[in-house]
Amino acid sequence: MNEPVTPEWLYLSRRRFIKGLAALGVVAGSTPLAYAADNLSDEITPFEKASAYNNFYEFSLGKTEPADLAKGFVTSPWRVAVGGLVAKPATFDMKEILARFPQRDRVYRLRCVEAWSMVIPWRGFPLAALLDEVKPAPEAKFVRFETAVVPKQMPGVRAGNLPFPYVEGLRIDEARHPLAILATGMYGKPLPPQNGAPIRLVVPWKYGFKSIKSVVKIDLVAEQPRTTWQAQNPAEYGFYANVNPTVDHPRWSQASERRIGEWLRRKTLPFNGYMEVASLYKGMDLTKNF
Ligand code: MTE
């Protein structure tokens, strides 16, 4: 069978991006493919790489093992409980999430704190849309996320690779930023288990560990949540974890990165290149709030 020249997700993301620009009155006619997805000209990492080199400690400490070990992970039925300081707490079934929130394609860079990176076409929806649904109370200042803990299916949980559940958090204004999405798919297909099926956070301007996988619980809270990596080693992993080439990890430089599939290292960009988020941190010392 012939492959279509442009994969559907790429075609759709280009069409949507052009539509978006047209709506803003920015463009008429053709947009270079390089700008197809969120202005990203970087080459997309092949699916075979993005789905075979993973960090998912619930399954393994290794990067090539999760793909195998997560193969049978049961992701249906799946529910996400959203509560805490909200007027309308709700538990959403995945089917409901897919039906209620229009899914869009977004190509983002993913920069791991370990100094490797990829470019992944996600499919998902703004986290803000889900938050709007539950109506956060004025006292809600942070959002706390939890991954599923299924010892029977997760060898890394049985081995105690980390204290589980894996917990992550965002300040509420970060969570509401349009770049922060809940992804349900990648490369135009549902997420593979090793990439965080059936639903995971993607916050492209932060180190990859903030993008918590296989989410089952989201709470709006008043205090900054204690997150897994921060609790594990506060000197090495901050709560904010914004990609920052000028603040090195105590054990390695963050000035450059290895793009999976490339030979030469490339410079790491502040906020991973997503400068539009800089205003969220106005007046903050990002060397202290690392
Ligand atoms: N989420 C959970 N629940 N467990 C994890 O071990 N690893 C994080 C993040 N989310 C992790 C997680 C890290 S360190 C990275 S770099 C990304 O997932 C990797 O996402 P990917 O495998 O889709 O590239």
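Residues numbered from 1 in each chain as written. Predicted model: local features only at pLDDT ≥ 70, side-chain atom pairs only at ≥ 80, totals over all residues. Heavy atoms only, no water.

> Explain the overall build of the protein chain here, please?
Secondary structure assignment for the protein chain yields eight helices and 12 strands. Counting over 290 residues, the protein chain shows a buried share of 51%. Across the protein chain, every contact between residues at least 6 apart in sequence was considered, and the portion connecting residues at least 24 apart equals 69%. For the protein chain, the computed accessible surface area is about 13,800 Å², with 57% contributed by carbon and sulfur atoms. (Helix = DSSP H or I, 4+ residues; strand = E, 2+ residues; numbered from the N terminus. Buried < 20%, exposed > 50% of the residue type's maximum accessible area, 1.4 Å probe, protein only. Contact = heavy atoms within 4.5 Å. Areas by Shrake-Rupley, 256 points an atom, 1.4 Å probe, with all protein chains shown as cover.)

> Honestly, the packing of aromatic side chains in this entry has me stumped. Any pointers?
The geometry of an aromatic ring pair is captured by two quantities: the separation of the ring centres and the angle between the planes. The full count for this structure, using the stated rule, is 15 aromatic pairs. Residues Phe 73 and Trp 78 carry aromatic rings whose centres are separated by 5.8 Å and whose planes lie at 80° to one another, so their mutual orientation is edge-to-face. In terms of burial, Phe 73 and Trp 78 fall into one category: buried. In this structure, Lys 63 packs its charged tip against the face of Tyr 53, placed 5.9 Å from the ring centre. (Phe/Tyr/Trp six-rings, centres within 6.5 Å; stacked < 30°, edge-to-face > 60°. Lys NZ or Arg CZ within 6 Å of the ring centre and 35° of its normal.)

> Even after reading the chapter, I still don't get the nonpolar core, so can you show me in this structure?
A general feature of soluble globular proteins is that nonpolar side chains tend to end up buried together. Among the nonpolar cores identified, the biggest contains 72 residues, and Trp 122, Leu 127, Leu 130, Trp 205 and Ile 218 are the most heavily contacted of them. A per-element tally of this core places strand β4 (residues 116-126) first, with five residues. Excluding residues within four positions of it along the chain, Trp 122 makes contact with Arg 104, Asp 105, Arg 106, Tyr 108, Ile 181, Ala 183, Gly 185, Met 186, Leu 191, Arg 200 and Val 202. (Core = buried A, V, L, I, M, F, W, Y, C linked by side-chain atoms within 4.5 Å.)

> How do you make sense of the pairing of strand β6 (residues 167-171) when you look at a structure like this?
A regular strand places its side chains on the two faces of the sheet in alternate fashion. Counting buried residues in β6 gives five out of five residues, a clear majority hidden from the surface. Residues Val 167, Gly 169 and Arg 171 line one face of β6 and the alternating positions Glu 168 and Leu 170 line the opposite face, and both faces are buried.

> Would you mind showing me how to read the environment of Glu 139 here?
The residue Glu 139 is located in the loop between α5 (127-134) and β5 (142-147) in this model. Beyond its immediate stretch of four places on either side in the chain, Glu 139 contacts Leu 85, Val 221 and Ala 222.

> Honestly, unusual backbone geometry in this entry has me stumped. Any pointers?
When glycine is set aside, most residues are seen to have a negative phi, and most peptide bonds are trans. Cis geometry marks the peptide bond from Phe 164 to Pro 165, where omega comes out at 5°. Here Ala 197 and Pro 198 are connected by a cis peptide whose omega angle stands at -5°. We note that Ala 115 has phi near 75°; this positive angle belongs to a residue other than glycine. Summarising the element assignment, Ala 115 is placed in the loop between β3 (104-111) and β4.

> Explain the site of the ligand here, please?
If you check the shell around the ligand, you find 16 residues, and the closest are Asn 54, Tyr 57, Glu 58, Arg 200 and Lys 213. Interatomic distance of 3.2 Å between a backbone N/O atom of Asn 55 and a nitrogen atom of the ligand. Here a nitrogen atom of the ligand and a side-chain polar atom of Glu 58 are 2.8 Å apart. Computed on the free molecule, the ligand has an accessible area of 530 Å², of which 98% lies beneath the protein chains in the complex. (Near = heavy atom within 4 Å. Polar contact = N/O pair within 3.5 Å; in protein donor to acceptor, adjacent residues only side chain to side chain.)

> Got a minute to help me understand the pattern of salt bridges in this structure?
Pairing between side chains becomes possible if they bear opposite charge and their charged atoms approach one another. Enumeration over the complete set of coordinates arrives at 20 salt bridges. For the salt bridge of Asp 105 with Arg 123, the shortest nitrogen-to-oxygen distance reads 2.9 Å. With a gap of 18 residues between them, Asp 105 in strand β3 and Arg 123 in strand β4 connect regions that are remote in the sequence. The partner of Asp 285 in a salt bridge is Lys 288, and the shortest N-O contact between them spans 3.4 Å. Classification of Asp 285 as partly exposed rests on a relative accessible area of 32%. Exposure remark for Lys 288: the relative accessible area of 67% places this residue in the exposed category. Salt bridges here are not isolated pairs; linked through shared partners, they connect Asp 42, Arg 109, Arg 111, Glu 257, Arg 259, Glu 262 and Arg 266. (Salt bridge = Lys/Arg side-chain N within 4 Å of Asp/Glu carboxyl O.)

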